[in-house]
Amino acid sequence: MKHKHQIIIVGAGIAGLSAALEAAQAGNDVAVVSKVTPLHSHSVAAQGGTAAALGNMEPDSWEWHFYDTVKGSDFLGDQDAQALFCKEAIETAYFLEHIGVPFSRGENGRILQRHFGGHYSEFGKGPYIKRSCLAADRIGQAILYTLWGQCLRLQVKFYKEFLVTHILLQDEGCSGVIAWDIVRGEMHIFQGKLTLLATGGCARLFKISTNSSINTGDGMGMVLAAGLPLEDMEFIQFHPTGLYPWGFLISEGVRGEGGYLLNQDGERFMKIYAPAKLELAPRDVVSRAIQGEIRAGRGIRGKPYVYLDITHLEDQLIREKLPQIRQMVLKFAGIDPKKQPIPVAPTAHYTMGGIPININCEVLADGKKTIVPRLFAAGECACVSIHGANRLGTNSTMECAVFGRRAGKYMAKIAKKVNFLPLPQGQIKERLGEINTLLNRTPKTSLAEVREALEEGMTKNCGILRDESSLKNQLELIHQLKTAYQEIGLKGMPKEYNLALQEVLELKHMLNLSEAIVRCALARKESRGAHYRNDFPHRDDKNWLKHTLVFIEDEKYKLDYKPVVITRFEPEERQF
């Protein structure tokens, strides 16, 4: 079946819906293709807030936010993009307010803001600052639901539960995508003048993760398979506080409201690792501190977790500002956080790298300046290099909104000037053949076992702490699993609701992305932000102040590099 729309958006999170809203407001025919019901997109899981230097609670400035974002990124972010982001975050916060996002309010009626790790005053020299705009502890849900309603008002067409399997690329650019209708078991062709990928991150490559099961890196995987580069893939963020043992997100907002971390001895150990900023140091610092306590045998009762204590906070504050987290801890851990500390451990959370784009969200064919015509990306799957080596909390939802809107506005301008490209029929036939081969192959290997082995290996060998030996072990494991993947088959299964087909296609991307991450991590012989090498424990600006680009050419991985854009803040030692 074939569908034709001016603009095709893959993914229905905050970035995708922000783009859809802007493009539809300009009068374009916009379709959103999502592998889940849009309100189940992973953006809904964001908790603590979204960053903007509104100064509602105390004096603030976009320049302080800019400095914090640069330093938080361990000086690997591109400062032209970071400055633009911090300026436009303010306007975007008010835009979200005006379209109806139900922010929490202060006594003066203004948007309420809270503390978050890595956000300080006076260019990092002052105390923590309240910069995170909150909606209790449900900011993702508040923004996503509002954007969804606005898109419906503008008659954006939604194709839900469609798994996009391939992007259609030719010399003239992107002409659309191929997607599998999960419910009916049919292939569909989506032809568009312009296509945006807003498909989220890939933290499900790891066994313990805050991410929902859908975050398997599909958009990044399709781009890599198409011979285009990915940028800075070695930088995977591990959130300090996942609910032990599941890894569910316990927002930084808990520490922002006054929660603190304790080890087995009841010691507030962050005073050792970040004496000035304590629990509100950036995430890479806090995660390594927790991991250090666990490795030193100071986890609770010798197990791999520590305590997050909020028993000293007022019950009313917990119920009003952290209601979702309170409920989650009650239901899963059976703990009332007012009475007992919460068991937490680091958990895979966010992909700092992704598809290289420019500030208009155009995909870069060489990762540097050459664009891929008619193909765009935004949100966590993309890398405009706001986050560098480590993302600050609350910058991600705002990045999705800022760059999703920029993508939508820019595509709206272009869509009026270009015609539809003809569909590449040979390429479509070849891609459909790949799907049919899977559906007709007799299974000899367990899909679940391959996926589980990959996730466990990535957590063990490519986690918070890495070295050459562990990374080489993981590379060897991935090669074994890629061989095993060739023996996965789906013969005899019905096409309707064939979730096994979805998982097999996701697994192919996961294997390719894992190899990309490991190869980039092996090559970067330094420690920076979320990438910590036990065998190279220091940052090395002389040799490694540069972005990594990874390609697949003739089935072989190739690395390239490009310089970091520095406009104002020269690299300095990070102390917190």
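Residues numbered from 1 in each chain as written. Predicted model: local features only at pLDDT ≥ 70, side-chain atom pairs only at ≥ 80, totals over all residues. Heavy atoms only, no water.

S.K.: What's the story with the nonpolar core in this structure? I'm lost.
M.R.: Here is a general trend for soluble globular proteins: nonpolar side chains tend to be buried in one another's company. Within the largest apolar cluster, 139 residues are counted, with the highest numbers of intra-cluster contacts made by Leu-196, Leu-197, Leu-230, Met-233, Ile-355 and Leu-375. Leu-243, Leu-261, Val-286 and Ile-342 belong to the second-largest nonpolar core, a separate cluster that totals 27 residues. (Core = buried A, V, L, I, M, F, W, Y, C linked by side-chain atoms within 4.5 Å. Buried < 20%, exposed > 50% of the residue type's maximum accessible area, 1.4 Å probe, protein only.)

S.K.: Explanation requested: the sheet that holds strand E10 (residues 230–231) in the structure shown.
M.R.: Within a sheet, neighbouring strands are paired by backbone hydrogen bonds and run either parallel or antiparallel to one another. Sheet architecture is open: 3 strands sit in the order E10-E22-E23, paired in antiparallel fashion. The open sheet has two edge strands, E10 and strand E23 (556–563), and neither has a second partner. Contacting E10, strand E22 (546–553) and E23, helix H15 (residues 499–523) crosses the sheet at an angle of about 55° to E23. (Pairing = 2+ DSSP bridges. Helix = DSSP H or I, 4+ residues; strand = E, 2+ residues; numbered from the N terminus. Contact = heavy atoms within 4.5 Å. Axes fitted to C-alpha atoms, helices over the stretch in contact; angles between N-to-C directions.)

S.K.: What should I look at first to understand the sheet that holds strand E11 (residues 236–243) in this one?
M.R.: Across the sheet, which stays open at both edges, the 5 strands sit in the order E12-E11-E15-E14-E13 with antiparallel pairing between neighbours. Looking at the sheet topology across the chains shown, the edges are occupied by strand E12 (248–249) and strand E13 (260–262). Bridge analysis of E11 against strand E15 (residues 342–351) gives 6 bridges, and the strand direction is antiparallel. Pairing of His-239 across the sheet is with Thr-347, part of E15. Relative to E11, helix H8 (residues 283–295) is tilted by about 60°, and along the sheet it contacts E11, E13, strand E14 (306–309) and E15.

S.K.: Would you mind showing me how to read the side chain of Thr-548 here?
M.R.: Position of Thr-548 relative to the elements: it lies in strand E22. We classify Thr-548 as buried; its relative accessible area is 0%. A polar atom in the side chain of Thr-548 sits 3.3 Å from the side chain of Arg-524. Setting aside residues no more than four positions away along its own chain, Thr-548 makes contact with Leu-230, Glu-231, Asp-232, Glu-234, Cys-520, Arg-524, Leu-559, Asp-560 and Tyr-561. (Polar contact = N/O pair within 3.5 Å; in protein donor to acceptor, adjacent residues only side chain to side chain.)

S.K.: Just checking my understanding: could you explain the environment of Gly-217 for this structure?
M.R.: Examined against the element boundaries, Gly-217 turns out to sit in the loop between strand E9 (186–197) and helix H5 (218–225). We classify Gly-217 as buried; its relative accessible area is 1%. Put simply, Gly-217 and Leu-317 are 100 residues apart on the chain and 37 Å apart in space, counted from C-alpha to C-alpha. Excluding anything up to four places from it in sequence, Gly-217 contacts Gly-201, Cys-202, His-509 and Leu-513.

S.K.: Can you help me understand helix H1 (residues 14–25) in this one?
M.R.: One turn of the α-helix equals 3.6 residues, which is why residues spaced by three or four share an orientation. For H1, which comprises 12 residues, the first-to-last C-alpha distance of 16 Å matches the rise-based estimate of 16 Å (1.5 Å per residue) to within 8%. If you check which residues of H1 are buried, you get Ile-14, Ala-15, Gly-16, Leu-17, Ser-18, Ala-19, Ala-20, Leu-21, Glu-22, Ala-23 and Ala-24. In the stretch just after H1, Gly-27 is the one whose phi turns positive, near 95°. (Expected span 1.5 Å × (residues − 1).)

S.K.: Got a minute to help me understand helix H11 (residues 395–415) in this structure?
M.R.: In this model H11 runs 29 Å from its N-terminal to its C-terminal C-alpha over 21 residues, within 8% of the 30 Å that 1.5 Å per residue would give. Buried residues dominate H11, accounting for 17 of its 21 residues.

S.K.: Please clarify how the environment of Leu-278 should be interpreted in this entry.
M.R.: Considering the arrangement of structural elements, one finds Leu-278 in the loop between helix H7 (270–273) and H8. For the pair formed by Leu-278 and Tyr-260, sequence separation is 18 residues and the distance between their alpha carbons is 8.5 Å. Setting aside residues no more than four positions away along its own chain, Leu-278 makes contact with Tyr-128, Arg-268, Met-270, Lys-271 and Val-286.

S.K.: When you look at unusual backbone geometry in this model, what are you seeing that I'm missing?
M.R.: Note: most peptide bonds trans; most residues except glycine with negative phi. Looking along the chain, the bond that leaves Tyr-244 and enters Pro-245 is cis, with omega of 5°. Following the sequence through the fold, Pro-245 ends up in the loop between E11 and E12. Although it is not a glycine, Phe-123 adopts a positive phi angle of roughly 50°. Turning to its location among the elements, Phe-123 is positioned in the loop between strand E4 (113–114) and strand E5 (132–133). According to the relative accessible area criterion, Phe-123 is partly exposed, its value standing at 26%. Of note, Ser-385 is a non-glycine position whose phi angle comes to about 70°, a positive value. Within the secondary structure, Ser-385 sits in the loop between strand E19 (382–383) and H11.

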